[in-house]
Amino acid sequence: IILNCSIEMSYIPLGPNWVTRAMPPGASWYNSGEQRILFGCWSLISGIIAEVLYFPCMLALLAESKNSCYKIMFWISLVDMLTLLVCSVFYGLGLLHGDVYCSNPLWHFCLGAYGIGCWTASCLGCLTLVSNRLAELMDIGWIFTGRRTYVFLVVSTLYGFAFALFTPPPLFNSKYQSFFFNPYIDESEKYTYRNIPHAINNLTVVILSTIFYVILCGIIGMKQVSSTGAMSTDLGRKRIRASRAVFLQAAVICFGNFTSSIMYVYFNFFYTPPALIIFAQVAWQLGLSLQPIIYLLVNSKIRAYYLNMLGANRFMRKSMSASVVPLRNDSRR
């Protein structure tokens with residue numbers, strides 16, 4: 001019943017072999033794709049580098065996960081690392097191979113379902129993070145205290161699973177260098193595929209993100225200029241500084257989602273120049289790949305944890321102690 005409802009809601013048939021009627025799946029479909037060596041190498045290498053940089057940051061967020069904000073950021077980092085496999089690593093490999101959907105239907109169907117699940121879960125997780133910051137600044141942070149945070153994260157996870165299992169996945173196409181709900185197996189318009197829930201999700205994310213960030217900026221600005229109240233204390237000012245840092249992190253997290261949300265809805269319904277399609281894909285990639293760099297730049301706790309993992313702190317302490325010892329010996333003489 002659920003599967004039939006999802007088919008009717010999405011207006012398309014589901015299944016990994018729904019578009020292989022024109023020609024059997026296999027190597028002959030590679031002639032329909034194009035190898036994109038430059039963009040493929042960029043996507044593959046940048047994705048691997050981002051995964052390597054992200055892992056210590058994720059562990060640092062886990063170490064600070066007593067705070068509800070860090071719980072959410074850890075969950076987002078985990079989903080982002082999973083999403084990077086789709087939008088950068090496997091995407092780059094597909095460009096290098098010149099893949100299209102029918103060259104390996106089952107793989108690309110599962111990859112698309114996996115990707116849309118991670119994407120939608122991350123969208124709801126980003127909104128949860130902004131809501132957490134708003135609740136903290138409005139002194140209603142109790143909404144996220146204790147196990148309540150896990151409820152929000154479970155809902156976000158189930159939301160992603162629902163899209164992965166019950167809506168049609170986007171399909172990779174190396175010729176047009178992105179993921180499309182239409183597999184473009186011929187030049188006719190005989191096969192038309194849509195994912196209406198995905199469009200609703202993306203537009204909702206854009207609208208709510210804009211509203212939430214405008215409210216968040218307004219609250220931070222009001223708190224900063226206020227000379228009375230709880231925010232005028234040292235604790236209050238500390239909360240403001242922490243909120244500004246997390247705001248920057250959350251803004252970068254949502255930047256890629258914001259840009260690619262609009263573009264992915266647009267080019268799945270209307271003709272879009274290839275340059276804009278590539279721009280949307282790069283925005284998605286950078287929105288995830290820049291996360292570990294932003295964490296290291298603006299979050300002192302994560303930076304200290306990161307350096308400690310790499311042994312940089314121990315090396316610095318040894319260097320400082322080595323430089324101090326001769327001075328002590330000279331003074332004694």
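As the structure is a prediction and not an experimental result, all values here were calculated from the model.

Caption draft 1: Inspection of the overall build of the protein at higher detail. Tallying secondary structure elements over the protein gives 11 helices and two strands in all. In sequence order, the protein lays out its α and β elements as α-α-α-α-α-β-β-α-α-α-α-α-α. A burial count over the protein gives 47% of its 333 residues as buried. Taking as baseline every contact in the protein between residues at least 6 positions apart, the subset at least 24 positions apart corresponds to 80%. Accessible surface, the protein as shown: approximately 16,900 Å² in total, 69% of it carbon and sulfur.

Caption draft 2: Representation of helix 3 (residues 68-97) in the model. Between the first and last C-alpha of helix 3 there are 43 Å, a value that for 30 residues agrees with the 44 Å anticipated at 1.5 Å per step. The sharpest bend along helix 3 comes to roughly 35 degrees, located at Tyr91. The buried fraction of helix 3 amounts to 23 of the 30 residues, a majority that puts the element mostly inside the structure. The opening residue of helix 3 is Asn67, an N-cap whose side-chain oxygen sits 2.8 Å from the backbone nitrogen of Cys69. Remark: Gly98 follows helix 3 within two positions and exhibits a positive phi of approximately 75 degrees.

Caption draft 3: Just the nonpolar core, in detail. Counting residues in each nonpolar core, the largest one holds 43 residues, and the members touching the most others are Phe179, Trp284 and Tyr295. If you list the elements that add at least two residues to this core, you get helix 2 (37-63), helix 3, helix 4 (105-137), strand 2 (178-180), helix 7 (234-267), helix 8 (274-289) and helix 10 (300-310). A total of 13 residues in this core trace back to one element, the largest contributor, which is helix 3. Residue contacts for Phe179: discarding those within four places in its chain leaves Val86, Tyr91, Leu111, Pro170, Leu171, Phe172, Tyr264, Phe267, Asn268, Gln281 and Trp284. If you look at the next biggest cluster of nonpolar residues, it comprises seven residues, including Leu134, Leu137, Leu216 and Ile219.

Caption draft 4: Examining the packing of helix 2 against helix 9 (residues 291-298) more closely. The geometry of helix 2 relative to helix 9 is characterised by a closest axis approach of 8 Å and an angle of 50 degrees between their N-to-C directions. With respect to helix 9, the element helix 2 is oriented oblique. Seen from above, helix 2 lies across helix 9 with left-handed handedness. Mapping the contact onto sequence places Ala50, Leu53, Tyr54, Cys57 and Leu61 in helix 2 and Gln291, Pro292, Tyr295 and Leu296 in helix 9. Looking at the contact of helix 2 with helix 9 residue by residue, the classes come out as eight nonpolar, one polar and no charged.

Caption draft 5: Just the packing of aromatic side chains, in detail. Tallied over the entire structure, the rule returns 11 aromatic pairs. When the ring of Tyr264 is compared with that of Trp284, the centres are 5.7 Å apart and the planes differ by 80 degrees; the resulting orientation is edge-to-face. Here the residue Tyr264 occupies a position in helix 7, and Trp284 occupies one in helix 8, the gap between them amounting to 20 residues. Here Tyr264 matches Trp284 in class, with each residue buried. Three or more aromatic residues link up through ring pairs in this structure, and these residues are Phe39, Tyr91, Phe172 and Phe179.

Caption draft 6: Inspection of empty space enclosed by the protein at higher detail. In the structure shown here, the tally under the stated rule is one cavity of 30 Å³ or more. Counted as a void, the largest cavity has a volume near 130 Å³. In terms of lining, the largest cavity is formed by Val86, Gly112, Gly115, Ile116, Trp119, Pro170, Phe179, Phe181, His198, Ser260, Tyr264 and Trp284. Mapped by element, the contributors of at least two residues to the lining of the largest cavity are helix 4 and helix 7. The element that contributes the greatest number of residues to the lining of the largest cavity is helix 4, accounting for four residues. Its residues placed into classes, the lining of the largest cavity shows eight nonpolar, four polar and no charged.

Caption draft 7: Structural view of the UniProt feature "transmembrane region" (unreviewed entry) in the protein. The UniProt feature table records "transmembrane region" (unreviewed entry) at residues 37-62, 74-94, 106-130, 150-172, 203-225, 246-269 and 275-298. With 100% helix and 0% strand, residues 37-62 has its two end C-alpha atoms placed 37 Å apart. In residues 150-172, helix accounts for 74% and strand for 9%; the two terminal C-alpha atoms are 33 Å from one another.

Caption draft 8: Quick peek at the layout of surface pockets. Of the voids in this model, the second largest pocket is the one considered here, and its volume is about 390 Å³. Around the second largest pocket sit 19 residues that line it, and Phe180, Tyr184, Phe267, Phe270 and Tyr271 are the ones nearest its centre. No other element matches helix 8, which puts three residues into the lining of the second largest pocket. The residue makeup of the lining of the second largest pocket, split by class, is 11 nonpolar, five polar and three charged.

Calculation criteria
Residues numbered from 1 in each chain as written. Predicted model: local features only at pLDDT ≥ 70, side-chain atom pairs only at ≥ 80, totals over all residues. Heavy atoms only, no water. Helix = DSSP H or I, 4+ residues; strand = E, 2+ residues; numbered from the N terminus. Buried < 20%, exposed > 50% of the residue type's maximum accessible area, 1.4 Å probe, protein only. Contact = heavy atoms within 4.5 Å. Areas by Shrake-Rupley, 256 points an atom, 1.4 Å probe, with all protein chains shown as cover. Expected span 1.5 Å × (residues − 1). Bend = angle between axes of the 7 residues up to and from the residue. Polar contact = N/O pair within 3.5 Å; in protein donor to acceptor, adjacent residues only side chain to side chain. Core = buried A, V, L, I, M, F, W, Y, C linked by side-chain atoms within 4.5 Å. Axes fitted to C-alpha atoms, helices over the stretch in contact; angles between N-to-C directions. Parallel < 35°, antiparallel > 145°, perpendicular 65-115°, else oblique. Left-handed = near helix turned anticlockwise from the far one by under 90°. Nonpolar A, V, L, I, M, F, W, Y, C, P; charged D, E, K, R; others polar. Phe/Tyr/Trp six-rings, centres within 6.5 Å; stacked < 30°, edge-to-face > 60°. 1 Å grid on protein atoms, 1.4 Å probe; cavity = no way out; pocket = protein on both sides within 12 Å on 5 of 7 lines; lining within 4 Å. Points joined across faces, edges and corners; volume = space filled by probe spheres on them. UniProt positions renumbered as here; feature names shortened; annotations may be inferred.

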